[in-house]
There are 2 protein chains.
Amino acid sequence: MTAAGRLPRVNSSPAWDPAREIVVEPARPEPLYAQVARQLQAAIEDGRLPAGTRLANEIDLAAGLRLSRPTVRQAIQTLVNQGLLVRKRGVGTQVVRTKVARPLRLSSLFDDLAGLGGTPGSAVLVNRLEPAGPDAAARLECPGLGEVRRLRRIRTVDGEPLAVMNNYLPPDLPAPADEELRGHGLYQLLRTAGVRLHSAQQSIGARLATPEDADLLGEQPGAALLTMARTTYDETGRVVEYGWHVYRASRYSFNLSLTNGPA
Amino acid sequence: MTAAGRLPRVNSSPAWDPAREIVVEPARPEPLYAQVARQLQAAIEDGRLPAGTRLANEIDLAAGLRLSRPTVRQAIQTLVNQGLLVRKRGVGTQVVRTKVARPLRLSSLFDDLAGLGGTPGSAVLVNRLEPAGPDAAARLECPGLGEVRRLRRIRTVDGEPLAVMNNYLPPDLPAPADEELRGHGLYQLLRTAGVRLHSAQQSIGARLATPEDADLLGEQPGAALLTMARTTYDETGRVVEYGWHVYRASRYSFNLSLTNGPA
DNA sequence: GAGTGGTCTAGACCACAGT
DNA sequence: CTGTGGTCTAGACCACTCT
């Protein structure tokens, strides 16, 4: 046995009675397992269930909540998938001892920034249908495509330029108004338009600023820039967006949380 | 109804009979749902179940495989979580029409590179215990720590330098031999040592090469570099690694697949 | 209305960890 | 040994989508 394999100290259960703290209302439209998961998550995040706490076993939990064991299991499983709980056979279920690592989700830059300080905004440089060159058609995986919608925006925070964002969109999507683009992320607009985003492939790199980059971003030519190219798919496998963006490395970095989820 | 909401064309089921193609052996140690999931995944990946194919419904599938519906559901769920299948209530289950987006997992650079072309290797510049400065102790979230193991390596592909990698490790982990580090990723060595990795927080940025960077990596000073800083936690919430790496942007970029998994 | 996945129940047996 | 989570069954009813 190596030093690394040593046991986590297990807190014995404190006076936290799930049956008293968690209430499930079968009448609500929210599924029972979701109600349990939501309230467990809240208890973990506001400290009522501190890191390292061991939960009661699934049988007792189910009995206390007057639910079946599979239902309670489903609730716990969603939190395990989020990395908030850890289960070990023969041992029990514990609150993870890490600051929460939110799973990585499809998010646009705007949504990310809105969660931080500063006021995000954007200037729309280009927003029009254009004849689709072979490159654009290939990026959207739509050979023979006649037209594409092209977007070019500058994202700002508190008025300072942060990124130049270029996008191709399929021409049959409803046209986003410049005004909408100024105040909302592209993903948010797509979702509102009924597009069900499913997955994306991203590539993150770096390069030096060209004079044009420098001019748009308020940097010096030769400054370090972060680049991100992304293809986004909906649930039917159609490409709903291709984008290539450049960020000022002096003012932005990508922050990712990874979890070793099951499956 | 917007254009974006239009229906996916549903292929009627071709002559792919799950009951004939999938065999479950209750005697094997592998769980039944895992056997089903594995064989379904294989069928999707090698083209026997092309993108867009609709699966039989869960009841029929269960009957055909002589399993219960929850078991079949569990198998399908794991593939949905991986983004390989899409389920819609009232409609059915379809193979996703996208090239597969593998979920983002904890991986070391070495593991990533091993999956691509070229022969990865590395040179170990530093591998020793050092007195822990306040910075190192803070990075490992272990105030008062006496010593840390410090690593400094150069990662190469086909002999060409690709990245400089700096790491702090807690002093109680078994010391990795230089020889092991040359041929294996750090994560792989940690797992072998019994560490159960749980989650990580990464930050990706860019900067210009200093003369020292340039010397180590064979670039010019002022060249664009990708930077990545990472803190890795095990299941007990302990920091098991802190690393800050720089990559030659001319030869490397991060590729991520994101999926909008449930929960 | 017919067919689908989404949720839920009440049991059962097994594998593994710790004593 | 005891207690835990892991797996599995055989039903049931509901909510949603499409015809």
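Refer to the structure presented above.
Residues numbered from 1 in each chain as written. Chains lettered and ligands numbered in written order. Predicted model: local features only at pLDDT ≥ 70, side-chain atom pairs only at ≥ 80, totals over all residues. Heavy atoms only, no water.

1. Brief notes about the protein's contact with DNA strand C
Taken together, 23 residues surround DNA strand C, and among them A:Leu32, A:Ser68, A:Thr71, B:Asn57 and B:Arg69 come closest. B:Arg87 places a side-chain nitrogen or oxygen 3.2 Å from a phosphate oxygen of DNA strand C. Interatomic distance of 3.3 Å between a side-chain N/O atom of B:Arg89 and a sugar or linking oxygen of DNA strand C. When residues of the surface near DNA strand C are traced back to their parent elements, those giving at least two are helix H2 (32–45) and helix H4 (69–81) of chain A together with helix H4 (69–81), strand E1 (85–88) and strand E2 (92–95) of chain B. It is H4(A) that contributes the most residues to the surface near DNA strand C, three residues altogether. A class-by-class count of the residues in the surface near DNA strand C yields eight nonpolar, seven polar and eight charged. (Near = heavy atom within 4 Å. Polar contact = N/O pair within 3.5 Å; in protein donor to acceptor, adjacent residues only side chain to side chain. Helix = DSSP H or I, 4+ residues; strand = E, 2+ residues; numbered from the N terminus. Nonpolar A, V, L, I, M, F, W, Y, C, P; charged D, E, K, R; others polar.)

2. Side note on the packing of helix H2 (residues 32–45) of chain B against H4(B)
Residue and element names in this part refer to chain B. Following both chains from N to C, one finds H2 and H4 inclined at 45 degrees, their axes separated by 8 Å at the closest point. Looking at the two axes, H2 sits oblique to H4. By crossing handedness, the relation of H2 to H4 is classed as right-handed. Taking contact as the criterion, the partners of Leu 32, Tyr 33, Val 36, Ala 37, Leu 40 and Gln 41 in H2 are, on H4, Thr 71, Gln 74, Ala 75, Thr 78 and Leu 79. For the contact of H2 with H4, the per-class residue count stands at seven nonpolar, four polar and no charged. (Axes fitted to C-alpha atoms, helices over the stretch in contact; angles between N-to-C directions. Parallel < 35°, antiparallel > 145°, perpendicular 65-115°, else oblique. Left-handed = near helix turned anticlockwise from the far one by under 90°. Contact = heavy atoms within 4.5 Å.)

3. Quick notes on the side chain of B:Thr53
Residue and element names in this part refer to chain B. You can see Thr 53 is positioned in the loop between H2 and helix H3 (58–65). Since its relative accessible area comes to 3%, Thr 53 is described here as buried. Here the side chain of Thr 53 touches Pro 50 through a polar contact of 2.5 Å, landing on its backbone oxygen. (Buried < 20%, exposed > 50% of the residue type's maximum accessible area, 1.4 Å probe, protein only.)

4. Brief notes about the packing of aromatic side chains
Under the criterion given, the structure shown has 10 aromatic pairs over all chains. On the basis of an interplanar angle of 80 degrees and a centroid distance of 5.1 Å, the ring pair of B:Tyr247 and B:Phe254 is categorised as edge-to-face. On the basis of relative accessibility, which here comes to 1%, the residue B:Tyr247 falls in the buried class. The class for B:Phe254 is buried, based on a relative accessible area of 8%. Members of the aromatic cluster, each reached through a chain of ring pairs, are A:Tyr168, A:Tyr242 and A:Trp244. (Phe/Tyr/Trp six-rings, centres within 6.5 Å; stacked < 30°, edge-to-face > 60°.)

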